[in-house]
Every structure is written in structure tokens, then in C-alpha cells.
Amino acid sequence: MPEVLTAPRVITGDRTIPDGAVVIGESALDWVGPAAALPPGYAALDRTAYPGATIMPGLIDGHVHLGFDGGAHPVAR
């Protein structure tokens, strides 16, 4: 279910957005920017605020095993 996340800082690959918002769509990020500039089409979505936090959308897949090398026998490494 799509929703809006807000935080005092949203860090994208090239900038930090103060008082930012992230719209999480069905399977991807739909929008990222200043919360005050949230497009009207997203106004009715549920919102979750993260005061005192930083959101870094798209940073990393939290389940990736970074120690694996992608070879045929990653555990043996």
C-alpha cells in the first residue's frame, strides 16, 4: 500500500533535502522531495513521520549478503 514517509532530512545520491518526504509506491519510490512540495495526488496517502531521523531512499537492499562474492560457492569463500 503506498504511503508517505517524512523526516527532517532525506538524503538522495546527490543532495540533502531538509524537511523531506518520500512516497513509497506499490513496488518502488514514486517521489522524493521537500514535504512542502508534495504533489496533490499524494495528499490522501497515509503518512508516517520520523522526527529526528534521516531517510536515505534506495540506499541498499537490506537483505543482500555483502560478504558474498557472487561466485558459484559464496559460503565456501
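What you see is a predicted model; the values in this text were computed from it and never measured. Throughout, residues of each chain are indexed from 1 in the direction in which the sequence is written. Whole-chain, interface and lining totals are the exception, using all residues; otherwise, since this is a predicted model, local features are given only for residues with pLDDT of at least 70 and side-chain atom pairs are given and counted only at 80 or more. The basis for every side-chain value is the complete set of non-hydrogen atoms in the structure, without hydrogens or water.

**Considering the environment of alanine 36**
- Here alanine 36 lies in the loop between strand 3 (29-34) and strand 4 (46-49).
- Look at alanine 36 and you get exposed, because its relative accessible area is 84%.
- For the pair alanine 36 and alanine 21, spaced 15 residues apart in the sequence, the C-alpha separation amounts to 8.5 Å. Each helix corresponds to a stretch of at least 4 residues labelled H or I by DSSP, and each strand to a stretch of at least 2 residues labelled E; elements are numbered beginning at the N terminus. Each residue is placed in one exposure class: buried if its accessible area under a 1.4 Å probe, protein chains only, is under 20% of its type's maximum, exposed if it is over 50%, and partly exposed if it falls in between.

**Here we look at the nonpolar core**
- Residue types Ala, Val, Leu, Ile, Met, Phe, Trp, Tyr and Cys, when buried and joined through side-chain atoms within 4.5 Å, form a set referred to as a nonpolar core. Leu5, Ala7, Val10, Ile17, Val22 and Ile55 together form the largest nonpolar core, which totals 6 residues.
- For this core, the element with the most residues is strand 1 (residues 3-11), which contributes 3 residues.
- In this view, alanine 7 contacts Asp19, Gly20, Tyr50, Ala53 and Ile55; residues no more than four positions away in its chain are not counted.
- Core analysis: the second largest hydrophobic core is formed by 5 residues, Val4, Ala21, Trp31 and Leu38 among them. By definition, residues are in contact when any of their heavy atoms lie within 4.5 Å.

**Focus: unusual backbone geometry**
- Even without being a glycine, aspartate 19 presents a positive backbone phi close to 50 degrees.
- Positionally, aspartate 19 belongs in strand 2 (residues 16-24).
- Looking at aspartate 19, the relative accessible area reads 54%, which means it is exposed.

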